[in-house]
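# Residue-level structure breakdown
Here is how the chains run, residue by residue.
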Amino acid sequence: VAALSSGQRQRLSVAAALSAGAGLLLLDEPLAHLDPQGAAELVERLRALADGGTAVLVVEHRLEPLWLVADRCVVMEEGALVADAAPMAIEVALLRRLGLSVPGWIAVAEAWAAAGRAAAPGARAPLDGAPAAAPVVFVPLIEATNLTFEYPNGDGLHGVNLVAGAGERIALVGPNGAGKSTLLLALAGELCRGAKVRGRLVAVPPNPDLGLFCPTVREELTYAAVELGLGRESRRVYDL
C-alpha cells in the first residue's frame, strides 16, 4: 500500500468496502484524488452494483461523473434537503446558487445559447479602445533543475525542470501515480534538495487532517501568524 499514490489508495479503500459484499454502500467522496479514467471506472462499477441490487449512496460535489448514471440527486443546504429528483430534473440555478459546478455539457449549451443571443441584431458590441494591461514582470519564486528522486520500486521523478513565478497559477495534471504529489513534496524540500525557493513556501497536503492540529480555528490561524513573527493578535488573523 505504501507504494500506491493517493488516488490509487482511494480506489483500494473503495475496493475493500466492495469486497465486504454489503447490500448497502455509503461512499463519502469516493472520486476524490481520482484521475478521470479512474473515476469513470469506479462510477461504472458502482452503476453495475446498483443494477445488481446493491443500494449505493454517494456523497459528492463532483456532479459530472455521476450525472448520467445516478437514479436520484438529493441536494442538501445547511443540514436540510432542498431537492430530490432525477438529475436532469434538478434546477441548474439551484446548483449554481449553492456554488456547485454544473456538468460541462450543460454549461456549454448555456454558453452557446448566450452566444446566439449576443449575435442577434441589436446586440451591443464590446467597446474598443480599452486601456491595455500593464506588462507583467516575471519574478521566479521557485526553480527546479534536473530534479530527481526515486522510490525503492523505481518510480519517482526523473530530471524534472520547472520554474514558477509571482502571479502564476499552474495546473499540474496527470493520471494517478504520475508523480504529481511527489513533485510537490520535492519542491517543498520534504523528499530531496534541489529546488531553489525565494520567499516563504507553504505546502498544503491533500488530506487537511494532516495540516490542522490546533483545537480551534483561531488558534490554527494564530499559530501561523506567530511563525511569521506577527504576534498572536495580528490583524491578519482577524482578516482571515
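Presented here is an overview of the structure given in this document. (Residues numbered from 1 in each chain as written. Predicted model: local features only at pLDDT ≥ 70, side-chain atom pairs only at ≥ 80, totals over all residues. Heavy atoms only, no water.)

Here we come to helix H2 (residues 36-51). Look at H2: 22 Å from first C-alpha to last across 16 residues, which is about the 22 Å you get at 1.5 Å a residue. When we look at burial in H2, the residues that qualify are Gly 38, Ala 39, Leu 42, Val 43, Leu 46 and Leu 49. Angular distribution of buried residues about the axis of H2 spans 130 degrees; they occupy a single face of the element. Residues of H2 that are exposed and angled more than 90 degrees away from the buried face: Pro 36, Gln 37, Glu 44 and Asp 51. Those residues of H2 hidden inside the fold are in contact with helix H1 (6-19), strand S1 (24-28), strand S2 (55-59) and helix H3 (64-67). Where H2 ends, the next residue or the one after it, Gly 53, has phi of about 110 degrees, a positive value. (Helix = DSSP H or I, 4+ residues; strand = E, 2+ residues; numbered from the N terminus. Expected span 1.5 Å × (residues − 1). Buried < 20%, exposed > 50% of the residue type's maximum accessible area, 1.4 Å probe, protein only. Arc of directions from axis to C-beta. Contact = heavy atoms within 4.5 Å.)

This part takes up the layout of surface pockets. To find leftover empty space, a probe the size of one water molecule is rolled over the atoms. Taken as a whole, the second largest pocket spans an internal volume of roughly 900 Å³. Taken together, 28 residues form the lining of the second largest pocket, with Leu 57, Val 58, Arg 72, Cys 73 and Val 74 sitting closest to its centre. For the lining of the second largest pocket, the secondary-structure elements that each account for two or more residues are H2, S2, H3 and strand S3 (73-77). Among the elements that line the lining of the second largest pocket, the one with the most residues is S2, at five residues. Looking at the lining of the second largest pocket residue by residue, the classes come out as 21 nonpolar, two polar and five charged. (1 Å grid on protein atoms, 1.4 Å probe; cavity = no way out; pocket = protein on both sides within 12 Å on 5 of 7 lines; lining within 4 Å. Points joined across faces, edges and corners; volume = space filled by probe spheres on them. Nonpolar A, V, L, I, M, F, W, Y, C, P; charged D, E, K, R; others polar.)

Take the environment of Leu 66 next. Structurally, the position occupied by Leu 66 is in helix H3. Residue Leu 66 is classed as buried on the basis of its relative accessible area, which comes to 18%. Residues Leu 66 and Pro 87, spaced 21 residues apart in sequence, show a C-alpha to C-alpha distance of 9.0 Å. Setting aside its immediate chain neighbours within four residues, Leu 66 contacts Leu 31, Val 43, Val 58 and Glu 60.

The next subject is the sheet that holds strand S6 (residues 156-165). Taking strand neighbours across the sheet as the criterion, the three strands line up as S6-S5-S7 in an open arrangement whose pairing is antiparallel. The strands lining the two open edges of the sheet, one partner per strand, are S6 and strand S7 (195-197). Taken over all neighbouring pairs, the strand axes of this sheet differ in orientation by 10 degrees on average, direction set aside. Examined bridge by bridge, strand S5 (residues 140-150) and S6 share seven bridges and lie antiparallel to one another. Among the inter-strand pairings, Ala 144 is bridged to a residue of S6, identified as Leu 162. (Pairing = 2+ DSSP bridges. Axes fitted to C-alpha atoms, helices over the stretch in contact; angles between N-to-C directions.)

Another point: the packing of aromatic side chains. Applying the stated rule across the entire model yields two aromatic pairs. Where Phe 149 meets Tyr 151, the ring centres are 5.0 Å apart and the plane angle is 90 degrees; that geometry is what we call edge-to-face. On the accessibility criterion, Phe 149 (18% relative accessible area) is buried. The partly exposed category is assigned to Tyr 151, whose relative accessible area is 29%. Each ring, one from Phe 213 and one from Tyr 223, has its centre 5.0 Å from the other, and the planes form 85 degrees; the classification is edge-to-face. Within this pair, whereas Phe 213 is found in the loop between S7 and helix H7 (217-227), its partner Tyr 223 is found in helix H7, the two being separated by 10 residues in sequence. Classification of Tyr 223 by relative accessible area gives partly exposed; the value is 44%. (Phe/Tyr/Trp six-rings, centres within 6.5 Å; stacked < 30°, edge-to-face > 60°.)

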